[in-house]
Amino acid sequence: MNINYLHKIAAGLALTVVFSSCMKDENSFGYEYMPDMYRSPAQEAYVDYGEVRTWKSNDSIKNTQSAKLPPMGTIPFQGANAEPAYSMPYNRLPSNAMKTTHGAVSLEYNDGDYDASVADANPMKMYESNVEHGKQLYNRFCTHCHGEKGAGDGSVSNSEYINPPANAFTRADGQMFYSITYGKGVMGAHASQLNKKERWEVISYIKSMNGEASIPDPVMKMTSNVVTEEVAEDNFSKKSLLSSLTQLADETTHDVNHSEAHTLNLDHLVFATGSSNLDMGKSQETLEVLVSFMKTTTKSLEFDGYTDNTGNAEANLQLSKDRANAVKTYLVQQGIDAGRITAEGFGSANPKASNDTEEGRAMNRRTEVKIK
Ligand code: HEC
């Protein structure tokens, strides 16, 4: 074996090493010698285990993910989904200028939407709980720039680059929402830190800083596992009444011995003063819900009429009976079997509140529905 031959073998081996260190797959970066230095050993969300998480691709777990993003165009559903206003997609688009400041944040842009957002309605009430939660979020996400009172004097501001204006919070609610969502100037977008409800909560807190009074939270009523809001005059919804009735029917089914009375106050059944004539303008929706409820169930209902304690007790008793009967009559006219409806009147019995105030008396004049 001459020396020349040995050279050839050495050169051949070297070439083998050079070529074998590259993988055949042209998309591969080659061997990773210390994968856990650049691959997170943590359980990652939204990744394809087969390709990304393991340094060797593993066909048997390809296309399996730890978690998936919700399908496009769907909205979160929580319980009775009483808060669709916060779940619907936000239809305003970022402006073209944001491409340079915030990167490609969207597939579509619209320069008019920032100005148009002034007109967007704020769906949130200034309930104390909203303001309180908004304050916590504000302190976490905004104070360091905008300052505790919104004067623009946060701990990282007043620098060469970050100078939030002292009047940032004088914008319309809808426009603040837009800027919190997409960012403005050096302020980054907060859409991925705060969901839509949280953004409105922050705005509630900003408004309270601006001097707007908050209002007490509505009384929440627990009927087994569903929390229903004791509906105020303006936010009556047919949907929530129907779901309360359905819930009540479920409870009745489970409580076979009727150990509890399953009743609901029909707040929006209104009669003309001193008469059993239904005020259809105010009562129509409740009546429609009662009819559709009866069409979806085989259960029976009882309407219980009550009055306040003013006037003659006997007359009150009769009036409460007539009112309960008026509701029954309406349902029967709409094709519901009369045998499934009972109507009772109890005059001023079982008051819900004191009869000494007008507010209390208004609460005592009521029609309750009982599911049997
Ligand atoms: C990095 C610092 C920083 C953070 C964090 C920050 N902002 Fe800002 N914000 C700014 C600056 C700077 C401006 C002025 C932007 C401009 O007009 O160029 C601004 C402007 C605004 C405006 C006025 C927007 C407009 O339409 O003119 C609102 C409202 C606002 N911020 C709310 C918030 C809220 C709410 C938070 C917390 C969720 C927040 N900001 C977090 C720096 C910040």
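This section reports on the structure supplied with the text. Counting of residues starts from 1 at the beginning of each chain's written sequence and follows it residue by residue. Two thresholds apply to this predicted model, a pLDDT of at least 70 for residue-level local features and 80 or more for giving and counting side-chain atom pairs, whereas whole-chain, interface and lining totals are computed over all residues.

Here's the deal with the overall build of the chain
Numbered from the N terminus, helices here are DSSP runs of H or I no shorter than four residues, and strands are runs of E no shorter than two. Secondary structure summary: the chain contains 13 helices and six strands in total. Whether two residues are in contact depends on their C-beta atoms, placed from the backbone: they are in contact if these lie within 7 Å. For the chain, contacts bridging at least 24 residues in sequence account for 55% of all contacts bridging at least 6.

Section: the packing of helix α10 (residues 238-254) against helix α11 (residues 280-296)
For helices, the fitted line uses only the C-alpha atoms of the stretch in contact; every axis is such a line through C-alpha atoms, and the angle between N-to-C directions lies from 0 to 180 degrees. At a minimum axis separation of 10 Å, α10 and α11 run at an interaxial angle of 40°. Judged on the interaxial angle alone, α11 and α10 are oblique. Between α10 and α11 the crossing geometry is right-handed. Here α10 contributes K238, L241, L242 and L245 to the contact with α11, which in turn contributes E285, T286, E288, V289, S292 and F293. Small angles under 35 degrees read as roughly parallel and large ones over 145 as roughly antiparallel, with 65 to 115 read as roughly perpendicular and the rest as oblique. In this scheme the crossing of two helices becomes right-handed for a clockwise turn of the near helix relative to the far one and left-handed for an anticlockwise turn of less than a right angle.

Considerations on the site of the ligand
For the ligand, the set of nearby residues contains 21 residues, the closest of which are C142, C145, S179, G185 and M187. Of all the secondary structure elements, the ones that give two or more residues to the shell around the ligand are α7 (143-146) and α8 (173-182). Residue polarity is assigned by list, with Asp, Glu, Lys and Arg as charged and Ala, Val, Leu, Ile, Met, Phe, Trp, Tyr, Cys and Pro as nonpolar; anything else, Gly included, falls into the polar class. For the shell around the ligand, the per-class residue count stands at 13 nonpolar, six polar and two charged. Placing the C-beta atom from the backbone, one calls a residue near a molecule or strand if that atom lies within 6 Å of it.

A closer look at the pairing of strand β4 (residues 301-306)
Buried means a residue has 20 or more other C-beta atoms within 10 Å of its own C-beta, exposed means 12 or fewer, and partly exposed covers the counts in between; C-beta atoms are placed from the backbone. Along β4, five of the six residues are buried, which leaves the element largely enclosed by surrounding structure. The definition of a right-handed crossover adopted here requires that, viewed with the strands pointing away, the path from the first strand over the helix to the second runs clockwise. Tracing the backbone out of β4, into helix α12 (residues 313-333) and back to the parallel element strand β5 (residues 341-345) gives a crossover that is right-handed. The pairing criterion is simple: DSSP has to find at least two bridges between the two strands. Two strands pair when backbone bridges link them, and β4 and strand β6 (residues 366-371) are joined in this way by six bridges, in the antiparallel orientation. Paired with E302 across the strands is K370, a residue of β6.

Considerations on the environment of S275
Turning to its location among the elements, S275 is positioned in the loop between β3 (263-265) and α11. Assessed through the 12 C-beta atoms surrounding it within 10 Å, S275 is described here as exposed.

So, the sheet that holds β6
Pairing in this open sheet of four strands is mixed, and the strands run β3-β6-β4-β5 from one edge to the other. The strands lining the two open edges of the sheet, one partner per strand, are β3 and β5. Neighbour-to-neighbour, the strand axes of this sheet turn through a mean angle of 20°, independent of strand direction. Contacting β4, β5 and β6, α12 runs over the sheet at an angle of about 160° to β5.

Focus on unusual backbone geometry
You will see that N350, though not glycine, has its phi angle at about 45°, which is positive. Relative to the helices and strands, N350 resides in the loop between β5 and α13 (358-364).

Describing the nonpolar core
The term nonpolar core refers to a group of buried residues, namely Ala, Val, Leu, Ile, Met, Phe, Trp, Tyr and Cys, whose C-beta atoms join them within 7 Å. L301, F303, V327 and L331 are the most contacted members of the largest nonpolar core, which totals 22 residues. Secondary-structure elements contributing two or more residues to this core are α10, α11, β4, α12, β5 and β6. Residue contributions to this core peak at five residues, all from α12. Those residues within four positions of F303 in sequence are excluded, and the remaining contacts are A324, V327, K328, A343, T367 and V369. Formed by 18 residues, the second largest nonpolar core is a distinct cluster that contains Y138, M176, W200 and V202.

So, α11
For α11, spanning 17 residues, the distance from its first C-alpha to its last is 23 Å, which sits close to the expected 24 Å at 1.5 Å a residue. When we look at burial in α11, the residues that qualify are S283, T286, V289, L290, F293 and M294. Elements in contact with the buried residues of α11: α10, β4 and α12. Helix span is expected to be 1.5 Å times the residue number reduced by one.

Topic: the environment of D356
Topologically, D356 is positioned in the loop between β5 and α13. On a C-alpha basis, the gap between D356 and T310 in space is 9.9 Å, while along the polypeptide they are 46 residues apart.

Quick word on the environment of G360
The residue G360 is located in helix α13 in this model. Placed 52 residues apart in sequence, G360 and D308 show a C-alpha to C-alpha distance of 8.5 Å.

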